[in-house]
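Read off the chains here:
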Amino acid sequence: MTTESGFHDSVYDEDLLGGDASHWAFGTSFEDPLAGVDTTIPDGVDPEELAAYCLMLGDDALIYSHRLSEWCSRAPDLEEDIALANIALDLLGQARLLLARAAAASPAVVPAMPEGSPVPPEDALAFFRPDAQFRSTRLVEPDNGDFAVTIVRLLLFSTWRLALLERLASSRDQVLAAIAAKGVKEVTYHRDYAGRWFLTLAQGTDESRSRLLAALPPVFAFHEELFTDHPVETSVAAAGVGVAPSDVAAEVAVILEQVFSVSGVERHDVPQIGPVAGGTGRDGRHTEALSHLLAEMQSVARAHPLGVW
Amino acid sequence: MSEVPEMVQDDWPLYEIFVRGKRGLNHVHVGSLHAADDEMALRHARDVYTRRNEGVSIWAVRSDAIAASSPDEKDPLFAPANDKVYRHPTFYSIPDDVPHM
């Protein structure tokens, strides 16, 4: 919510908890990550590029959140089920804020909706864009595979994203900085969770170790794409608003090396999945898996564009 | 898969989880869960029992490490306290600004 003054208003304690937080013995004192944040677009950055950059980070979180949510009711046990759902929800929260920021920076990126549609801009971006307009990196698109593939992908994704968010927390865009500061705490836990399971699977049974080793090539085939700068990323980084992924490659490599080393797993270079027609996920060139994912994720919203949820 | 390894057949041990809320002074039992070891029990407890901002501290204890009183001993253990009202400090006045009594 943005007031006319250009500052974000908190809706948390009053609206979501029903007015009087003292009714609740536990679970109060929620905080709106954007409360009081200056929402003006900083000088020296092209609003179109800022919007595109927010879509990149937001789509990564949205698509990966949906993939992780597919573990609901299917995880190895109840505790892991809840852990993966929590991680998915954290990422969904980041996606919502980032897509809303994209829409605020450039309303032109939001798909046109029928007159009278109550769909907010971030939902229109999530549920009414075709696959070629998504800017997510291809790492987050393929099916989950088994638990080992899930853990390896989560380790790579969260290590990469945490490094990006840590730098983004000092963005000149106050909204991006606040979203990143919130995300750092969340993704730190995701990385910790993935790292512990990586070690456990590697040092567990013969079965768990062989599955972990088998999970490395398909996941790390998208490694190079993560650290290849898109022109938009280069530009927003130069403007002090975004982060160029190539800048975090070295520190991500150090963290991964630590996890592999303590787990007794050797890291080999695996064949990389290169650009398609000169582009990758950031350009809207995706794997087939994304189309299937979106078909399922968007079908209900698209059938009821005037629906209220 | 023909044979399931022994480790997979056995359930993980049960842990009892205690959470200290922001506004409470002591850890309170909130439930139980399964985990392979102590570290994982804390992580699971964080995921299962503190999702709604309930806690600032977690204790996890193996359930089989807890000594519990038996329902059969209820009378000898607790009934003798029934009529000893003088053990409550109700004969003192408590200042209004003393919380958590």
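Residues numbered from 1 in each chain as written. Chains lettered and ligands numbered in written order. Predicted model: local features only at pLDDT ≥ 70, side-chain atom pairs only at ≥ 80, totals over all residues. Heavy atoms only, no water.

1. Description of the overall build of chain A
Move 1: Helices and strands together make up the secondary structure of chain A, namely 11 helices and 0 strands.
Move 2: For chain A, the α and β elements follow one another from N to C terminus as α-α-α-α-α-α-α-α-α-α-α.
Move 3: Taking all 309 residues of chain A together, the buried fraction comes to 50%.
Move 4: Across chain A, the fraction of contacts at a sequence separation of at least 24, relative to all contacts at a separation of at least 6, is 76%.
Move 5: Of the roughly 13,800 Å² of accessible surface on chain A, 56% is carried by carbon and sulfur atoms. (Helix = DSSP H or I, 4+ residues; strand = E, 2+ residues; numbered from the N terminus. Buried < 20%, exposed > 50% of the residue type's maximum accessible area, 1.4 Å probe, protein only. Contact = heavy atoms within 4.5 Å. Areas by Shrake-Rupley, 256 points an atom, 1.4 Å probe, with all protein chains shown as cover.)

2. Some thoughts on the environment of Arg161 of chain A
Residue and element names in this part refer to chain A.
Move 1: Relative to the helices and strands, Arg161 is located in helix H5 (residues 147-168).
Move 2: A residue is classified by how much of its surface remains accessible, and Arg161, at 2% relative accessible area, is buried.
Move 3: When the C-alpha atoms of Arg161 and Val187 are compared, they prove to be 7.4 Å apart, with 26 residues separating the residues in sequence.
Move 4: If near-sequence neighbours (up to four positions away) are discounted, Arg161 is found in contact with Leu57, Asp60, Ala61, Leu91, Gln94, Leu98 and Val187.

3. A short note on the packing of aromatic side chains
To describe a pair of aromatic rings, you give the distance between the ring centres and the angle between the ring planes.
Move 1: In this structure the tally under the stated criterion is 7 aromatic pairs over all chains.
Move 2: Judged by centre distance (5.9 Å) and plane angle (85°), the ring pair of Phe220 of chain A and Phe260 of chain A falls under edge-to-face. Note that Phe220 of chain A is positioned in helix H7 (residues 206-220) and Phe260 of chain A in helix H10 (residues 249-263), a separation of 40 residues in sequence.
Move 3: Relative accessible area serves as the criterion here: at 6%, Phe220 of chain A is assigned to the buried category.
Move 4: An aromatic cluster is built from Trp71, Phe147 and Trp197 of chain A together with Trp12 of chain B, whose rings are joined through pairwise contacts.
Move 5: Note that Arg129 of chain A overlies the ring of Phe134 of chain A, its terminal NZ or CZ placed 4.0 Å from the centroid.
Move 6: A cation over an aromatic ring shows up here: Arg46 of chain B above the ring of Tyr189 of chain A, its NZ or CZ 3.5 Å from the ring centre. (Phe/Tyr/Trp six-rings, centres within 6.5 Å; stacked < 30°, edge-to-face > 60°. Lys NZ or Arg CZ within 6 Å of the ring centre and 35° of its normal.)

4. Section: helix H9 (residues 231-238) of chain A
Residue and element names in this part refer to chain A.
Move 1: Along H9, the positions that sit buried rather than exposed are Val232, Glu233 and Val236. All buried residues of H9 fall inside an arc of 95° around its axis, so they share one side. In this structure, H9 carries Pro231 and Ala238 as exposed residues pointing more than 90 degrees from its buried face.
Move 2: Looking at the buried positions of H9, the neighbouring elements they touch are helix H2 (47-69).
Move 3: Gly240 lies just past H9 and shows a positive phi near 75°. (Arc of directions from axis to C-beta.)

5. So, the packing of helix H3 (residues 78-105) of chain A against H5 of chain A
Residues and elements named next belong to chain A.
Move 1: Viewed as axis vectors pointing N to C, H3 and H5 meet at an angle of 35°, and their least axial separation amounts to 13 Å. H3 and H5 meet at a crossing whose hand is left-handed. On H5, the residues that touch Glu80, Leu84, Ile87, Leu91, Gln94 and Leu98 of H3 are Phe147, Thr150, Leu154, Phe157, Arg161 and Leu165.
Move 2: Per-class residue counts for the contact of H3 with H5 are 8 nonpolar, 2 polar and 2 charged. (Axes fitted to C-alpha atoms, helices over the stretch in contact; angles between N-to-C directions. Left-handed = near helix turned anticlockwise from the far one by under 90°. Nonpolar A, V, L, I, M, F, W, Y, C, P; charged D, E, K, R; others polar.)

6. Some words on the nonpolar core
Move 1: Membership of the largest hydrophobic core comes to 103 residues, with the highest contact counts inside it found for Tyr53, Tyr193, Phe198 and Phe220 of chain A together with Leu33 of chain B.
Move 2: A total of 15 residues in this core trace back to one element, the largest contributor, which is H5 of chain A. (Core = buried A, V, L, I, M, F, W, Y, C linked by side-chain atoms within 4.5 Å.)

7. Quick word on the sheet that holds strand S3 (residues 57-62) of chain B
Residue and element names in this part refer to chain B.
Move 1: Strand order in this open sheet of 3 strands is S2-S1-S3, and the pairing throughout is antiparallel. A single partner strand is all that each edge strand has here, and the edge strands are strand S2 (28-34) and S3. Going across the sheet, the axis of each strand differs from the next one's by a mean of 30°, ignoring polarity.
Move 2: Judged from the 6 bridges that link them, strand S1 (residues 14-20) and S2 form a sheet pairing that is antiparallel. From the neighbouring strand, Tyr15 faces S2, where its bridge partner is Leu33.
Move 3: Sheet contacts for helix H2 (residues 38-49): S1, S2 and S3; angle to S2, the most-contacted strand, approximately 115°. (Pairing = 2+ DSSP bridges.)

8. As for helix H11 (residues 288-303) of chain A
Residues and elements named next belong to chain A.
Move 1: With 16 residues, H11 extends 22 Å between its outermost C-alpha atoms, agreeing within 8% with the 22 Å of an ideal straight helix rising 1.5 Å per residue.
Move 2: By the largest-angle criterion, Met297 marks the main kink of H11, which is about 40°.
Move 3: Considering only its buried residues, H11 is in contact with H2 and helix H4 (121-127). (Expected span 1.5 Å × (residues − 1). Bend = angle between axes of the 7 residues up to and from the residue.)

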